[in-house]
Structures are given as structure tokens and as C-alpha cells.
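# Report on the structure
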Amino acid sequence: MGHIPLKCKQSLEPLPMGGPDFGALGEEAELVEVEPEAKQEILENKDVVVQHVHFDGLGRTKDDIIMYEISDVFKAKNLIDVMRKSHEAREKLLRLGIFRQVEVLIDTCQGDDALPNGLDVTFEVTELRRLTGSYNTMVGNNEGSMVLGLKFPNLFGRAEKVTFQFSYGTKETSYGLSFFKPQPGKFERNFSVNLYKVTGQFPWSSLRETDRGISTEFNFPIWKTSHTLKWEGVWRELGCLARTASFSVREESGHSLKSSLSHAMVIDSRNSSILPRRGALLKINQELAGYTGGDVSFLKEDFEFQLNKQLLWDSVFSASLWGGMLVPIGDKPSSIADRFYLGGPTSVRGFSMYSIGPQSEGDYLGGEAYWAGGLHLYTPLPFRPGRGGFGDLFRTHFFLNAGNLCNLNYGDGPRAHLQKLAEYIRWSYGAGIVLRLGNIARLELNYCFPMGVQSGDRFVFYTNFFSSNWFQRLLHFYLVLSERIAVFNFVYSMPV
Amino acid sequence: MSLVAEAFVTQLAAAEPWPENAALYQQLKEEQILLSDNASSLAVQAFLQMCNLPIRVVCRANAEYMSPSGKVPFIHVGNQVVSELGPIVQFVKAKGHSLSDGLDEVQKAEMKAYMELVNNMLLTAELYLQWCDDVTVEEITHPRYGSPYPWPLNRILSYQKQWEVRRKMKAIGWAGKTLEQVLEDVDQCCQALSQRLGTQPYFFNKQPTELDALVFGHLFTILTTQLTTDELSEKVKNYSNLTAFCRRIEQQYFEGHDKDSATTVAARSAKRSLLR
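Residues numbered from 1 in each chain as written. Chains lettered and ligands numbered in written order. Predicted model: local features only at pLDDT ≥ 70, side-chain atom pairs only at ≥ 80, totals over all residues. Heavy atoms only, no water.

### Observations concerning the overall build of chain B
- When its secondary structure is counted, chain B shows 12 helices and 4 strands.
- At a minimum sequence separation of 6, the contacts of chain B that also span at least 24 residues come to 76%.
- Carbon and sulfur atoms form 51% of the exposed surface of chain B, whose accessible area is close to 12800 Å². (Helix = DSSP H or I, 4+ residues; strand = E, 2+ residues; numbered from the N terminus. Contact = heavy atoms within 4.5 Å. Areas by Shrake-Rupley, 256 points an atom, 1.4 Å probe, with all protein chains shown as cover.)

### Let's talk about the packing of aromatic side chains
- Applying the stated criterion across every chain, the model contains 16 aromatic pairs over all chains.
- Considering the side-chain rings of B:Trp131 and B:Tyr145, the 5.4 Å spacing of their centres and the 80 degrees angle between planes classify their relative orientation as edge-to-face. Taken together, the positions of B:Trp131 in helix α5 (residues 105-132) and B:Tyr145 in helix α6 (residues 134-145) put the pair 14 residues apart, joining distant regions of the chain. In this structure, B:Trp131 and B:Tyr145 share a single accessibility class: buried.
- In textbook terms, an aromatic cluster arises when at least three aromatic residues are bridged by ring pairs, as seen for A:Phe202, A:Trp204, A:Tyr341 and A:Tyr354.
- Directly above the ring of A:Phe180 sits A:Lys161, whose terminal nitrogen or CZ lies 5.7 Å from the centroid. (Phe/Tyr/Trp six-rings, centres within 6.5 Å; stacked < 30°, edge-to-face > 60°. Buried < 20%, exposed > 50% of the residue type's maximum accessible area, 1.4 Å probe, protein only. Lys NZ or Arg CZ within 6 Å of the ring centre and 35° of its normal.)

### What to know about a negative patch on the surface
Residue and element names in this part refer to chain B.
- On the surface, a cluster of negative charge is contributed by Glu180, Asp230, Glu231 and Glu234.
- Within the secondary structure layout, Glu231 lies in helix α10 (residues 231-237).
- Here Glu231 falls in the partly exposed class, since its relative accessible area comes to 38%. (Patch = residues over 30% accessible without salt bridge, like charges linked within 9 Å, V, L, I, M, F, W, Y side chains within 5 Å. Salt bridge = Lys/Arg side-chain N within 4 Å of Asp/Glu carboxyl O. Lys, Arg positive; Asp, Glu negative; His and termini not counted. Charge placed at Lys NZ, Arg CZ, Asp CG, Glu CD.)

### Some details on the sheet that holds strand β2 (residues 56-59) of chain B
Residue and element names in this part refer to chain B.
- Pairing in this open sheet of 4 strands is mixed, and the strands run β2-β1-β3-β4 from one edge to the other. At either margin of the open sheet sits one strand with a lone partner, and together these are β2 and β4 (80-83). Averaged over all adjacent pairs, the angle separating strand axes in this sheet is 25 degrees, with direction ignored.
- In this fold helix α2 (residues 35-50) packs onto β1 (23-26), β2 and β3 (74-77), with an angle of close to 165 degrees to the strand it touches most, β1. (Pairing = 2+ DSSP bridges. Axes fitted to C-alpha atoms, helices over the stretch in contact; angles between N-to-C directions.)

### With respect to the pattern of salt bridges
- Scanning the model with the defined rule gives 21 salt bridges over all chains in all.
- Note that B:Arg196 and B:Glu110 form a salt bridge whose closest N and O atoms lie 2.6 Å from each other. Of this pair, B:Arg196 sits in helix α8 (residues 179-197) while B:Glu110 sits in helix α5, placing them 86 residues apart in sequence.
- Overall, B:Glu110 belongs to the partly exposed group, its relative accessible area being 27%.
- B:Asp134 is the partner of B:Arg166 in a salt bridge, and the nearest nitrogen-oxygen pair spans 3.4 Å. In this pair, B:Arg166 is assigned in helix α7 (residues 153-172) and B:Asp134 in helix α6, connecting sequence segments 32 residues apart.
- Several salt bridges converge on common partners, so that one network encompasses A:Glu69, A:Arg95 and A:Glu188.

### Some details on the nonpolar core
- Formed by 75 residues in total, the largest nonpolar core has its most connected members in B:Trp18, B:Phe47, B:Leu48, B:Ile75, B:Leu193, B:Phe216 and B:Phe245.
- Ranked by residue count, the leading element in this core is α5(B), at 11 residues.
- The next biggest cluster of nonpolar side chains, apart from the first, holds 27 residues, and it includes A:Ala76, A:Met83, A:Val121 and A:Ala159. (Core = buried A, V, L, I, M, F, W, Y, C linked by side-chain atoms within 4.5 Å.)

### Points about the UniProt feature "domain: Metaxin glutathione S-transferase" (unreviewed entry) in chain B
- The feature "domain: Metaxin glutathione S-transferase" (unreviewed entry), as annotated in UniProt, sits at residues 187-249 of chain B in this numbering.
- For the annotated span residues 187-249 of chain B, helix accounts for 68% and strand for 0% of the residues, and the straight-line distance between the end C-alpha atoms is 22 Å. (UniProt positions renumbered as here; feature names shortened; annotations may be inferred.)

### Regarding unusual backbone geometry
- For the peptide bond that leads from B:Val72 to B:Pro73, omega is 0 degrees, which places it in the cis range.
- Residue placement: B:Pro73 occurs in the loop between α3 (63-66) and β3.
- Residue B:Pro152 follows B:Trp151 across a cis peptide bond; omega there is 0 degrees.
- As for its placement among the helices and strands, B:Pro152 is situated in the loop between α6 and α7.
- In this structure, A:Ala159 takes a positive phi of about 65 degrees despite not being glycine.
- With respect to the helices and strands, the residue A:Ala159 is situated in the loop between β6 (144-153) and β7 (161-169).
- A:Ala159 sits in the buried class, given a relative accessible area of 3%.
- One non-glycine residue, A:Trp313, adopts positive backbone phi at about 55 degrees.
- Of note, A:Trp313 is situated in the loop between β14 (298-310) and β15 (316-328).

### Let's talk about the state of the cysteines
- Summed over the entire model, instances satisfying the criterion amount to 0 disulfides over all chains.
- The thiol of B:Cys189 is not disulfide-bonded; the next cysteine sulfur, from B:Cys190, is found 5.6 Å away. (Disulfide = S-S within 2.5 Å.)

### Some points on a nonpolar patch on the surface
- A cluster of nonpolar side chains, namely A:Leu311, A:Leu312, A:Trp313, A:Phe317, A:Leu375, A:Leu400, A:Trp427 and A:Tyr429, defines an oily patch on the protein surface of about 830 Å² accessible area.
- The residue A:Leu375 is located in strand β18 (residues 369-379) in this model.

### Points about the confidence of the model for chain B
- Taken as a whole, chain B shows an average pLDDT of 85; of its residues, 87% reach a score of 70 or greater.
- Interface confidence for the predicted complex, given as ipTM, is 0.83, next to a pTM of 0.79. (pLDDT = per-residue confidence, 0-100.)

### Comments concerning the side chain of B:Ser194
Residue and element names in this part refer to chain B.
- Residue placement: Ser194 occurs in helix α8.
- Given the relative accessible area of 12%, Ser194 is considered buried.
- Contacts of Ser194, omitting those with residues within four sequence positions, involve Tyr239, Asn241 and Leu242.

### A look at the packing of α8(B) against helix α11 (residues 240-254) of chain B
Residue and element names in this part refer to chain B.
- Where α8 contacts α11, the axes come no closer than 9 Å and their chain directions differ by 70 degrees. Considered as vectors, α8 and α11 are oriented roughly perpendicular to each other. Listed contacts from α11 to Cys190, Leu193, Ser194 and Leu197 of α8 are Asn241, Leu242 and Phe245.
- For the contact of α8 with α11, a count of residues per class yields 5 nonpolar, 2 polar and no charged. (Parallel < 35°, antiparallel > 145°, perpendicular 65-115°, else oblique. Nonpolar A, V, L, I, M, F, W, Y, C, P; charged D, E, K, R; others polar.)

### Structural notes on the UniProt feature "domain: POTRA" (unreviewed entry) in chain A
- In the numbering used here, UniProt assigns the "domain: POTRA" (unreviewed entry) feature to residues 48-128 of chain A.
- Here residues 48-128 of chain A is 31% helix and 35% strand, with 33 Å between the C-alpha atoms at its ends.

### Here's the deal with the packing of α2(B) against helix α4 (residues 85-94) of chain B
Residues and elements named next belong to chain B.
- Close contact between α2 and α4 brings their axes to 10 Å; oriented N to C, the two are set at 15 degrees. Relative to α4, the element α2 lies roughly parallel. When the axes of α2 and α4 are compared, the crossing they make is right-handed. Side by side, α2 and α4 meet where Ala43, Val44, Phe47 and Leu48 of the first sit next to Leu85, Ile88, Val89 and Val92 of the second.
- For the contact of α2 with α4, the class distribution of residues is 8 nonpolar, no polar and no charged. (Left-handed = near helix turned anticlockwise from the far one by under 90°.)

Given below as C-alpha cells:
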């Protein structure tokens, strides 16, 4: 009988779709040894039965969670199906986060109980070590810090994970400890408990915030959506960043305790979170604070919507809309730490970071309601330099951003609210170049024209565009992470 | 602040006259404020009354954290924020009001020395009693200090503050003292003040100075705040000229004024036991 070892090392993409004969499959297969008297058979349409699935290399991982991930393999009916299901099982095993690598070996059955069309599938796995550590140094806005990370993957054998991160900086220290446990067999249903202390400095509001908190969250999918239910208890300490902070910000200094329940729903059909080419994203988030303790009471809603469509000549059109509302409950006014902020390279380009809306003596106080939207067109670089290689990472980017941030008088009706949000719209348009950095960040270099600037807003375009020299322009150069947090903000202006 | 910044701020301060809406911030009168903070606040109020500068008292639960130096009281004048009696005296002087201009150099040095005595003895004794005497801490300080905050924040903040004050006591060598020794120190301080005051209406000549405001603030608060024991107020009551001094200043500067100041003096943290 022919002995046909098939070793599938990396991903099987692209799966051989056409090609009935064995030669096409053999792209990644190893050498086929055919004994002289064996017959070459066309295997694709042949019925097979998976008789055994072996696992090599399991240490502390418990059997039951493995069983769930590989149960589908037994249902395969023909060889292509076996390969596909094994590949899927491999992906599932890898996403548990407990194995360093997984190799799949499909072989014919040997032994006494072997059927003539029986197959054995063997998964050779290498478990991650009990403890992994990492050490990084980060340099950010006027601060340097050491970050130490410790991870205990697969703590009790069922893909539980404990991570600890500690950051020691020149100005602040922060830490986080988190415990994560998925449901065996349904990795998307999981819960985690986090303990953290984070500090943040917000120069646009002259505010310094230290949060010490504990949170528990449950994630579960329903059909195509993924939901998160979270309870969070946070001790917040607010302070002034400088002695020159405005009195409105000084009045917010002090301690408060927020205990809130929140629910988030995400539907994401995009092919990537950075520069997606197709698909849509819808995120809806609500948070209710004050009914489980604490002294902060509000209801907060926000949503984000994004639609991407591929057009002719490799260009992509993207439309996005996001907005939110904060309703304080009771007679205490909302806290500066809960309000929304708008402006900057992540929302309305051309305006300084979070520098739109209500402000006092130059400090931005945030607002209780906002909306923002953008229309983007991404095209390949003109004349396509470096095509097929480095040049593909760059895209030309044309954009139109708009938004508004204000405080609503909740006594008025919805008509009055809409009216207030529609007056004094800030908007900007421009063009630039986008560089995609892996799957986490994008680097943008833009040329913007902010419009609809209201008194008090801070924008980055100081000179009158129409009357000055071509050289006296301002360019934005910033790094944007996939969660819309700008990390590095550099503005370069060329004098006449 | 650096000397240059201080000079700059003084210039700014001098430029504007005293506004009508000047405000003094302290903690909540009825439920939250403690003995030492009350004394400091009253001293500043007395000083401003003596200078004839209008001020209204605003009570905020987070006054301690709003203050640029972390201590109450602080005043918000125009767009300047100044905290504690010493800097406030300087600030008011830059605006052209001063109580101690008529004193010569020797008297000024003496005044500073007595103010230091009050701060080092009386204020520290008050802090000791509030934060290091277990009975007082349990029954008065912890409930009051954390009262505006929900559980567990009220306990956390109280313990944090207690730890901070005890550390400071250790640093100045008061941690090893017993309550009796502290009361002895208070007695000695009152004796020194009483001797200096003698039969005069105020400490220096016939005009009040910031020393009078400071002494009034502390002594009046000690006399009118009900603690777990009366020992502290008894020490002050031993000196009749001091109690007469307090009564005199209260009558002159706080009664008969607008309703705000009267309520400030009258509605303090405990029953009035002094003047009746």
C-alpha cells in the first residue's frame, strides 16, 4: 500500500481548490514515496474515515478543552475535508494562546483495527512555557518609562491566563493585573478580571488623572455580533497639571468613586482594522453609573459606524460616523473625567488634540454630547512607485472631516438638541499620505484646511492660507493606533 | 515658586484692586471640617475682616484638593489662587493693605516669632489630637473626614491622611509624646501668649495684626469645638485674658457684620460653649 506522508507546516492557504490530481496538492507536501507495486489513486473523491486523532506534546493542558477544538475533525468525509478541518482545528488551537506551534500530520491508519480508508490525524504541539516575561522601554510625551510584563499562559490547564504589567516612568507609575478564562469549547465566551492603576496627563485640559480600579467583564457572541458586559469600580483622583490651570478645572480636583455597568456590542466585517478595504464596523456602547455604589451617576451612550467600499483602480472609499451622549442622573453635574472630547488627528483633522468645544481660560472641559464624521478616499500613490513591494504600504488619502461637541440642556426636547448639535459645525478637508505599520498603527502626513473654527477652538493652521507664500504651510505628521489613540504628534511648519 | 515668578505674581496682584466677589474656600462646615482646618480658616477670615476686605466663604467637599498647596483655606481673588495665611498676608500686602506696617523691625521679628510659636505648638497639638489620639480618631476624625465620600473611599482617604500626618509627627519628634505631654505644651504656649498679651487689647499697641488673627483663629476654635474630652479647652480657659481677647475680637469683627460672617462663626462644628 502506498505510504503517503502529508506534512502541512504553515497555513494551507491557498487551499488547493481545483486540481484533482495529486500533483497540485503536493506543493507543500513532502516527498511522496510510492512503492513499486502500489497504485496511484485519486484521493479527493475517495471516502475516508478519521479513526484516530493523536496529540503529541501535551503537558499541563487538560484533555477536555482539546476535545472541543478538534471534535470537527472526526466529521470529515473525504481527504480534502480532512485537510480543511484539520487546518481549522489547528487555527482554533492556536487562538487559545497556549501553544507555541501546532503541526498537523495526516497518515493512513495502521494497526489491527485499521479500516482500508481509515486515517490518523496527529497534532504535534509545543506548549508555551509556564512563565514568559518581556521588558520594554517607552518614550512618549516628555516621559520615559520602563515596562515590565509577565505572563502565565495556560495557568491551570484550561487556557486561563494571568498577565501582569508594571510601568515605571519618570513621572508616573502604573500597573495592571488581569486574569482571563475562556469557556472550554467556546473560546469567544470568556470572562476576565482586571486590577489596575493607570495615570494619565491631559495637557489640553491641564488635568492629571489617576485611576485605581477593578473590573470584571464577560464576552460572548450572539450570532455575528460580539457583546461585552462589564462592571467596573474605579477610584479616580483628579488634579491640576500646572499651577496655571483654569479655576473650572481646579474645581474638579479631588477624589470620586465610579461604579458602573456597561454593555458593548461590536459587529466587525472588515478585513483589517488598519486601512480596511471592505466591510463595515458598528460599535454601540452604553454605560450606567451610580446604581451599584459610588458617587458618580450618569448614563452614557456612544456609537461608531464605519463603511468601506472598494472602487475602481484599487482605491477604497470609506465613510465613518460616530457620536455619543452623556446624561447625568441626579443634580450633580457631570465630571470632566466622563465627558467626551473632540479634535485632533483621530477625529477632526486640522484641530489640535481634543481642542474643540467648551473651554475655560484655554483648558478644554469636554462636552456632554458630540458627533463626528468623515469621508475618506484612499488611492495608491500617484505613478505607483515601488509597486508590488514597499510602495504598497503607502496610500494617498483624501479626507473630509466634520464634528461638533457641546453641552446639551436636557430640559429641552430632542428637536432643540439636534439644533444645537447642528449649529457651529467644525469641519476640515485635505489630503496626505498614509503608511500602514503592521496591523496596529498608521502613520499620516497630511495637508489640512480647518474650517468652521469657533472662538476658543485651537487649530493647527495659523496663517491665512490664501494670502501667504506656498511654503508657509503646516503639515501634520502623526501616528495613529487602531483604537484611534494618537501616540506621537509632530507638527512641522516651514517658514517663508 | 521661584523669586522671579513670585515677583511677577506680586506685580500682577498689585495691579488690580480687591474685587467684590473674592471667595474663601474651606471644607463643609457642618459635617466635614476638622479642628485644625477650621482654626486656619477662621484665622484667615479674621485677618481679612481686620483689613476690611470683603470675602465670602464657600464650602466645598474637595477644598483640600483644590488648594494649590494642599492646605485649606485658600482664597480665589480675580484669577489668582493663594493658600495659607502666610502667603495670603503677602498677597494682601501687595495689594496695598497691611496690618503690620506700623511696627518697627524688632516688633516685626517678635510677631513672626510668636506666629511660629502658634504654628509649631498649637497647630501641631491640634493635629496630634485629631490624628494620633485613638479615641478622637475613631469617634470624630474618621467619620468627619470621610463623610462626603461613599464607602470604601471614605475609609481609604481617612487612613491615607492619618498615615501622612503620623509620618509628619514622627519626623518632628512628636510621635513619642503622650497626650499629657502635648497638653502641657499647649499650656506653655498659652502661658507665653497670655504673658505677651498682658492687659493690652491686642498683641501690639492698640491695632490688631496678623498675629492677633492667627491666635484668635486657633484659640476660638479650641474653645468652641466639642471633642471627646474638654481638656484642651480647659487649658485655654485657665488664662482669662485670652478668653477675653477672643470674645473681644468676635464681638468687634464677626458680630454685627453681614449674615455670612455671623453664620461662619456661629455654625461651627459643635456646640457653642464659650461665650454663654
